[in-house]
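Structure assessment
Each chain, letter by letter, is given below.
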Amino acid sequence: MTDLTDATERREHILRAAVRQGLLDPGRSLLAGFVDLDGVARTVGALRAAFPGSLSVLHAFAAKANSLVPVLAELREHGMGCEVATGGELARALAAGFPPERIVFDSPAKTRAELEWALELGVAINADNFQELDRIDSILAGRDPASRIGVRVNPQVGGGTIAAMSTATRTSKFGIPLSDPDSRREVLRAFRDRPWLTWVHTHAGSQGCPLDLMARGVAEAVAFADEVNRVLGRRQVTGIDIGGGLPVNFADDEVTPGFGTYVDLLRAHAPDLFSGRYGIVTEFGRAVLAKNGFTAAYVEYTKTAGGRPIALTHAGVQVATRTVFAPEAWPLRITAHAPDGGAKHGSPVRQDIAGPACFAGDLLARDRALPLLEPGDLVVLPDTGAYYFSTPFHYNSLPEPAVYGVRVDGDGRVDFTLVRPAQDPYELTGPDGRTVLAPRPGGLVRH
Ligand SMILES: *Cc1c(COP(=O)(O)O)cnc(C)c1O
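What you see is a predicted model; the values in this text were computed from it and never measured.

What follows concerns the overall build of the protein chain. Tallying secondary structure elements over the protein chain gives 11 helices and 21 strands in all. Over its C-alpha atoms the protein chain spans a radius of gyration of 24 Å, differing by no more than 12% from the 22 Å that the globule rule assigns to 447 residues. Principal axes of the C-alpha set define a box for the protein chain whose edges measure 70 × 50 × 45 Å. Every one of the 447 residues in the protein chain was classed for burial, and the buried ones make up 54%. By sequence separation, contacts in the protein chain at least 24 residues apart represent 66% of the contacts at least 6 residues apart. Approximately 19100 Å² of the protein chain is accessible, and the part contributed by carbon and sulfur atoms is 52%. Computing the positive centroid from 46 side-chain charges and the negative centroid from 52, the protein chain places the two 3 Å apart.

Now for the domain arrangement of the protein chain. When cut into domains, the protein chain gives domain 1 (7-36 + 290-437) and domain 2 (37-288). Spacing between the C-alpha centres of domain 1 and domain 2 amounts to 33 Å. With 29 residues of domain 1 in contact, the opposing surface of domain 2 contributes 28 residues. Across the interface of domain 1 and domain 2, roughly 2400 Å² is buried in total on both sides, 55% from carbon and sulfur atoms. There are 4 salt bridges connecting domain 1 and domain 2. Of the charged contacts in the structure, one is a salt bridge between Asp38 and Arg10, with a shortest N-O distance of 2.9 Å. Applying the counting criterion to the domain 1 and domain 2 interface returns 20 residue pairs in polar contact (both at pLDDT 80 or more). Taken together, the elements giving at least two residues each to the side of domain 1 that touches domain 2 come down to helix H1 (7-20), strand E1 (31-36), strand E17 (402-408) and strand E18 (414-420). Per element, the largest residue contribution to the side of domain 1 that touches domain 2 is 5 residues, and it comes from E17.

Take the environment of Lys291 next. Relative to the helices and strands, Lys291 resides in the loop between helix H10 (286-289) and strand E11 (293-305). The class of Lys291 is partly exposed, set by a relative accessible area of 22%. Put simply, Lys291 and Arg407 are 116 residues apart on the chain and 15 Å apart in space, counted from C-alpha to C-alpha. Setting aside residues no more than four positions away along its own chain, Lys291 makes contact with Val248, Asn249, Asp252, Asp253, Glu254, Val255, Arg333 and Asp383. A distance of 2.5 Å separates the side chain of Lys291 from the backbone oxygen of Asn249, its partner in a polar contact. Within the structure, Lys291 has its side chain in polar contact with the side chain of Asp383 (distance 3.0 Å).

Quick look at the UniProt feature "domain: Orn/DAP/Arg decarboxylase 2 C-terminal" (unreviewed entry) in the protein chain now. Following the UniProt record, the feature "domain: Orn/DAP/Arg decarboxylase 2 C-terminal" (unreviewed entry) maps to residues 293-385 here. Counted over residues 293-385, helix gives 5% and strand 45%. Its end C-alpha atoms are 4 Å apart.

On to the site of the ligand, then. Around the ligand sit 14 residues, and of these Lys64, Gly245, Glu283, Arg286 and Tyr387 come closest. Contact distances for the ligand include 2.8 Å between an oxygen atom and a backbone N or O atom of Gly245. Contacts to the ligand include Glu283, whose side-chain N or O atom sits 2.7 Å from a nitrogen atom. Protein burial of the ligand: of its 390 Å² of free accessible surface, 93% is covered by the chains. For the shell around the ligand, a count of residues per class yields 3 nonpolar, 5 polar and 6 charged.

It is worth spelling out the nonpolar core at this point. In terms of nonpolar packing, the biggest core is built from 109 residues, with Phe191, Leu273 and Val288 touching the most fellow members. Two domains share this core, each providing at least three of its residues, namely domain 1 (7-36 + 290-437) and domain 2 (37-288). Contact partners of Phe191, with chain neighbours within four places excluded, come to Val151, Leu197, Thr198, Trp199, Val200, Phe224, Val228, Leu232, Arg234, Gln236 and Val237.

As a further point, take the pairing of strand E16 (residues 378-381). Burial along E16 is two-sided: the residues Leu378 and Val380 and Val379 and Leu381 are all buried. Bridge analysis of strand E13 (residues 335-337) against E16 gives 3 bridges, and the strand direction is antiparallel. Counted as the bridge partner of Ala336 is Val379 from E16.

One pass over the full model with this rule turns up 27 salt bridges. Residue Asp253 pairs with Arg11 through a salt bridge whose shortest N-O separation is 3.1 Å. You can see Asp253 sitting in the loop between strand E9 (239-241) and helix H9 (259-269) and its partner Arg11 sitting in helix H1, a full 242 residues away along the chain. By relative accessible area, which is 11% here, Arg11 ends up buried. The salt bridge partner of Arg28 is Asp25, with a shortest N-O separation of 3.5 Å. Each of the salt bridges in this network shares a partner with another, and the network as a whole consists of Arg11, Asp253, Lys291, Arg333 and Asp383.

With that settled, the discussion passes to the packing of helix H4 (residues 87-95) against helix H5 (residues 112-121). Between H4 and H5, the shortest axis-to-axis distance is 11 Å and the interhelical angle comes to 25 degrees. In this view, H4 runs roughly parallel relative to H5, as classed from their interaxial angle. Of the two possible hands of crossing, H4 and H5 adopt the one that is left-handed. Contacts between H4 and H5 pair Gly87, Leu90, Ala91 and Leu94 from the former with Glu114, Trp117 and Leu121 from the latter.

Criteria and cut-off values
Residues numbered from 1 in each chain as written. Predicted model: local features only at pLDDT ≥ 70, side-chain atom pairs only at ≥ 80, totals over all residues. Heavy atoms only, no water. Helix = DSSP H or I, 4+ residues; strand = E, 2+ residues; numbered from the N terminus. Rg over C-alpha atoms; globule rule 2.2 N^0.38 Å. Buried < 20%, exposed > 50% of the residue type's maximum accessible area, 1.4 Å probe, protein only. Contact = heavy atoms within 4.5 Å. Areas by Shrake-Rupley, 256 points an atom, 1.4 Å probe, with all protein chains shown as cover. Lys, Arg positive; Asp, Glu negative; His and termini not counted. Charge placed at Lys NZ, Arg CZ, Asp CG, Glu CD. Domains from an automatic or database assignment. Buried area = accessible area lost by both parts, 1.4 Å probe. Salt bridge = Lys/Arg side-chain N within 4 Å of Asp/Glu carboxyl O. Polar contact = N/O pair within 3.5 Å; in protein donor to acceptor, adjacent residues only side chain to side chain. UniProt positions renumbered as here; feature names shortened; annotations may be inferred. Near = heavy atom within 4 Å. Nonpolar A, V, L, I, M, F, W, Y, C, P; charged D, E, K, R; others polar. Core = buried A, V, L, I, M, F, W, Y, C linked by side-chain atoms within 4.5 Å. Pairing = 2+ DSSP bridges. Axes fitted to C-alpha atoms, helices over the stretch in contact; angles between N-to-C directions. Parallel < 35°, antiparallel > 145°, perpendicular 65-115°, else oblique. Left-handed = near helix turned anticlockwise from the far one by under 90°.

Listed below in structure tokens is the structure:
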């Protein structure tokens, strides 16, 4: 009997079903992504349970972590909101059915047209800088906005182990720095001059940032909100958007740290956040989706070079871009499977797991001890539900793989729904934006 609460066995069970149902096929479908929708429901439940029910909290999923519209719609059905950072993400959130007031628009480079659109819809906005505030003034032209509007502050508490993920450094490009000379006074003045400015936003960083650092960043934002209200002598700031950034454990199946651990730290560092004086928005992305998705790909060939076994697979830089370009920062687990999806149990052999792209660095893992892979086997990349298959890299004209939503019922039956069709690499688009030619293996040409 398969224990489908065990994450490893659950992935294997789903993989076997995917092969049986033809979603993975060595001839036609070499690579696919899977989102465990039962797992997503559980994770959202854990997130909601971590915050006291007495507070007004909107959990806005960071769309960039997985921007597939059916996945966003699923999160909406679980009561989440959506954080977007471009016009394209805003379009996806609207297509997924989020009501405008449950969408939060963060971006350091919002255009005038994007701001006009968001203000017209009533989408919440976090302004990144003084020039953006001036632009909002000019669009509002004295009217009261329908949108909740806040300012993103940079608490300048420092960075984590991955520089590219650290947004609260002294010189970060995000938000208005709170400790630069005169800066704090200027933001205070911005609040004084704009009674509709009612939220304070911060997002101290993502993967690689210590929880303690993130919690200190939030504490700075809360302290600043208290200061605005004290100095202005009115309760102008009514909400704090604490951002996302809860890191994910990529080493094994344990879900750690949990949302509760972070909330405990927030209570310790920023007790006023829980005073009931402020509404709260969160913007978690990776922690909601990463462990609820995996990628699977066939091994096409194997070889040995310089004494090292190498498996050439169909998953590489096109789906694991960060892992390939920054392997130290973004290591992924890999599991080895037989052609039917069953786990391989041979004794571990150190081998390179390579992708299909034409550059030497296209490796998912170097010198990784796994049962020796053979042509026709499958490799699985767990923990790829966020920032992997929904953020493709189009090197070598490699297509985006199909992605399936997965549900497993009480009898172990696996139900797949397509959440994104595979891109057709043979469909070429002409300069007029229309399909002009589709030469493909077998010599077929379609118009
Ligand atoms: C990327 C981002 C998030 C989500 O970060 P995760 O690490 O995926 O939780 C939230 N807020 C903002 C402003 C972001 O840029």
